[in-house]
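Spelled out, the chains give:
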Amino acid sequence: MNNGYDRSRHHGTVVMTTSTLPYMDLFSVFKTKDYSLNFGRAVSMEGEAYFIWRNQIINLMPQTRSLNR
Amino acid sequence: MSNLASTFAISSPNGKVNIGSHDRDYDWQYIKLYEFDGGINQLTELPRVPHGVVTPKYVYATDQYLYIEGGLADVEVTDRYRYNLQTGIWEKLARTLPLTGYNNAMKPFPYKGGLYSFGQVNLDDPYNSLQVFNPISEVWDLVKKFEKNGSLATNEPLLIGNDLYLLYGWENLKVDMRTYEEQKITNLGQIAGFYLCYKRAAFYFQFGDTLRFDTDLLI
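Residues numbered from 1 in each chain as written. Chains lettered and ligands numbered in written order. Predicted model: local features only at pLDDT ≥ 70, side-chain atom pairs only at ≥ 80, totals over all residues.

A. Main features of the overall build of chain B. Across its full length, chain B carries 0 helices and 19 strands. Considering only residue pairs separated by 6 or more positions, chain B has 30% of its internal contacts joining residues 24 or more positions apart. (Helix = DSSP H or I, 4+ residues; strand = E, 2+ residues; numbered from the N terminus. Contact = placed C-beta atoms within 7 Å.)

B. A look at the confidence of the model for chain A. Residue and element names in this part refer to chain A. Of the residues in chain A, 28% have a pLDDT of 70 or more, and the chain-wide mean is 53. Highest mean pLDDT in chain A belongs to strand 2 (residues 41-45) (80); lowest belongs to strand 1 (residues 14-16) (38). Taken together, the stretch residues 1-27 has pLDDT below 50 and engages in 38 contacts with residues farther than four places along the chain or on a different chain. The model gives residues 62-69 a pLDDT under 50, and that stretch makes 13 contacts with residues more than four places away or in other chains. (pLDDT = per-residue confidence, 0-100.)

C. Structural view of the sheet that holds strand 13 (residues 158-160) of chain B. Residues and elements named next belong to chain B. Sheet architecture is open: 4 strands sit in the order 13-14-15-16, paired in antiparallel fashion. Whereas interior strands pair on both sides, the edge strands pair on one side only; in this sheet they are strand 13 and strand 16 (182-185). Adjacent strand axes in the sheet meet at a mean angle of 25 degrees when their direction is disregarded. Note: strand 13 against strand 14 (residues 163-167), 3 bridges, orientation antiparallel. Within the sheet, the bridge partner assigned to L158 lies in strand 14 and is Y165. (Pairing = 2+ DSSP bridges. Axes fitted to C-alpha atoms, helices over the stretch in contact; angles between N-to-C directions.)

D. Layout of unusual backbone geometry. All names here are of chain B. With phi around 60 degrees, N41 is a residue other than glycine that occupies positive phi space. With respect to the helices and strands, the residue N41 is situated in the loop between strand 3 (32-37) and strand 4 (42-46). In this structure, E138 takes a positive phi of about 55 degrees despite not being glycine. By the element assignment, E138 lies in the loop between strand 11 (127-134) and strand 12 (139-149). By the C-beta count within 10 Å, which is 16 here, E138 ends up partly exposed. (Buried ≥ 20, exposed ≤ 12 C-beta atoms within 10 Å, placed from the backbone.)

Okay, structure coming up:
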């Protein structure tokens, strides 16, 4: 997967942008049943939550947070 | 880069997310730091922290600074640095940390305008402590020590209203942040690092499955 990471710019500033960090729907994450999800990190703040997993920053949109299994 | 947030991910009062990554596969000698601005969906790499730690003991943010303190470089270090969010410059704090053991990073969380941290402060003392940050003196003060050891299974303590959920998996605690009274709650089994709270529900991973619990059912 091309994640947009450019090793030549290790010491630069912007290394990734919107186009290389696709937002994913929470459902599609849940469907993967990928054990590497266990190494992701969830960050919550008022009104927002992100799940950082592999090279992706996933915006956990409020409408998908009410998912019940 | 296999895992963008391999070392840490924290929320900042400015609404951004600070991320740390260290990947031995790329032979990095230091942690890479990023700031994610969800408003414009942009990830920016920050200057490297001077003490070169790869597993910090404390990482937290205030309105003005991102702090990275202690941890492991080649050896355990006790230096404390803060990154000035306005000037973009790392500043060394005069006071250092005691040697605390770098393996157990403290986990910060905001509560009612204050900044708290939970975890094993010192490897010589197995019990976990709740601390509060004094922004004037820039030191962490002990709030309460809990007769509980081990590391939280989650990236952050789970705070819902005034209830702080400390999820280890097999034994879990709920702490009333108004009184710091603790209560044992439901055994969740072996859980992993992901949780998401929304209203009074939370999600977590367990052996590749995603489960949900309702906090009303935890007691």
